Structures are given as structure tokens and as C-alpha cells.
Amino acid sequence: NAGVMQNPRHLVRRRGQEARLRCSPMKGHSHVYWYRQLPEEGLKFMVYLQKENIIDESGMPKERFSAEFPKEGPSILRIQQVVRGDSAAYFCACPPVVGGSFKSPLHFGNGTRLTVT
Amino acid sequence: ELKVEQNPLFLSMQEGKNYTIYCNYSTTSDRLYWYRQDPGKSLESLFVLLSNGAVKQEGRLMASLDTKARLSTLHITAAVHDLSATYFCAVDGGNYGGSQGNLIFGKGTKLSVKP
């Protein structure tokens, strides 16, 4: 997971607050995927972004969740008015090579573990 | 809908023994991945399997792919404690209306290797 930086590593929010999760791929990478992992479960795809564009948001909940990847700065996954069911590990991932094909596996960051109290 | 099923979900084995983890998926795919996850950690890529009959080996782990049977296996030879982790298989959902990189994961196999 070298090069895919996520912060914070742990985030605690009370119900109703907002959570902001950040993902910085390696310099020059413009593709970011966000995945969510509920306890004792596999990862579930949420959204795929290229710089400034959402390419596939088929896994995003319709309400309270949004994602962006601005021209400058990290990708942000934003969860408004968090509920206990949002408690999970959130991972971002990038293709390992700039412009690489999907014959190479995605590289995952270390994740942000969100706890909603 | 593309589904990926792993079994077993939990596996406790003794050091030195062999075992196989199975990964079935519901429709054809041309990319299958195996990842390892240690508790509280990220996912580490183990294998990428791209064609029918593909076999890859790294140390005590060997992965294979049978696209006709829609089955991949991860075989563990002479297990050691360091292999204790959760193992996930994933199939690329890019052929099914999703974008490439939209991986469909199995629930994972939690492996515990005891001395």
C-alpha cells in the first residue's frame, strides 16, 4: 500500500456529526476508488473518481454520502449526519501504475476506521 | 448480479498441514484477485489470475483459476503460523455494468494456523 495515504487512521464521531475522510494517492495518480468494509465482511465498492469527475458511484448510498477528487488536493469521502451503521473501515485504492491497466491489482491505503458513538 | 462466494469462512488448521480455500463466482470474468488482510490492517495483493488454467505460486500459497467452472482455489501447503490472516478473493465487475476496478469481494476466509 506504499504511496496511498489515508487520514485520519481512526475517527470517532457522535451521531449526527459529519465525517471527512481523506485519501492522497501517489503523485501523478488520478484514479481513486473508495471501498467500505463492515466488521467481519468483505469490502464493498462505493465510488470511482478520476480527477474532478465521478466515474462510477453505483455503490454509494443515495443520501448523506458524497465524494470528490479536486484538481488540487486529496480525494474526500464525506458522510453527513453519521449514524451507528456507518461505523466501518473505509479504504481508498489506486491502480499501482500511472495509467496502468487492471491486469495489475489495486493498491489499498491503510484505511480510516470510523466509529460512530 | 455478480456474486462471489468463498468457503470456508473460518479455517483453523495446524502447522504443517495442507488446505484449500475455494472461491466461486456467478458469471464469467477475466480477472480474479486474491488479497490477504491482517487484523486492523490494509489489504495486501497476493495474486492476479487472468486466464483459464492460470496457476501462480508464492511460497506456501498457490492460486489457480478455472473460468469454465467459475472457480478459483487458494492452496496452502505446510501451513505456518505467519499465514494466519483473512484471505479475500475478488472479481472485477467491469464486465457487468460497473467500471473496471469495481471489485466484487467474497466475505473472506479467516485462517488461523495453530502450532
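Preceding block: the structure.
Now for a description of the structure that goes with this document. (Residues numbered from 1 in each chain as written. Chains lettered and ligands numbered in written order. Predicted model: local features only at pLDDT ≥ 70, side-chain atom pairs only at ≥ 80, totals over all residues. Heavy atoms only, no water.)

## With respect to the interface of chain B and chain A
Reasoning step 1: Listed by partner, the interface residues are 23 residues for chain B and 23 residues for chain A.
Reasoning step 2: Taking both partners together, chain B and chain A bury about 1,800 Å²; carbon and sulfur atoms supply 52% of that area.
Reasoning step 3: The tally of links from chain B across to chain A stands at 1 salt bridge.
Reasoning step 4: When the shortest N-O distance is used, the salt bridge between Lys107 of chain B and Glu41 of chain A registers 3.2 Å.
Reasoning step 5: If you look at where chain B meets chain A, you find 9 residue pairs in polar contact (both at pLDDT 80 or more).
Reasoning step 6: Within the residue set of the side of chain B that touches chain A, elements represented by two or more residues are strand E4 (32–37), strand E5 (43–49), strand E9 (85–92) and strand E10 (103–105) of chain B. (Contact = heavy atoms within 4.5 Å. Buried area = accessible area lost by both parts, 1.4 Å probe. Salt bridge = Lys/Arg side-chain N within 4 Å of Asp/Glu carboxyl O. Polar contact = N/O pair within 3.5 Å; in protein donor to acceptor, adjacent residues only side chain to side chain. Helix = DSSP H or I, 4+ residues; strand = E, 2+ residues; numbered from the N terminus.)

## Points about the environment of Ile55 of chain A
Residues and elements named next belong to chain A.
Reasoning step 1: By the element assignment, Ile55 lies in strand E6 (residues 53–56).
Reasoning step 2: A relative accessible area of 44% places Ile55 in the partly exposed class.
Reasoning step 3: As for Ile55 and Val32, which are separated by 23 residues in sequence, their C-alpha atoms are 10.0 Å apart.
Reasoning step 4: When near neighbours in sequence (up to four residues on either side) are disregarded, Ile55 contacts Tyr48, Leu49 and Gln50. (Buried < 20%, exposed > 50% of the residue type's maximum accessible area, 1.4 Å probe, protein only.)

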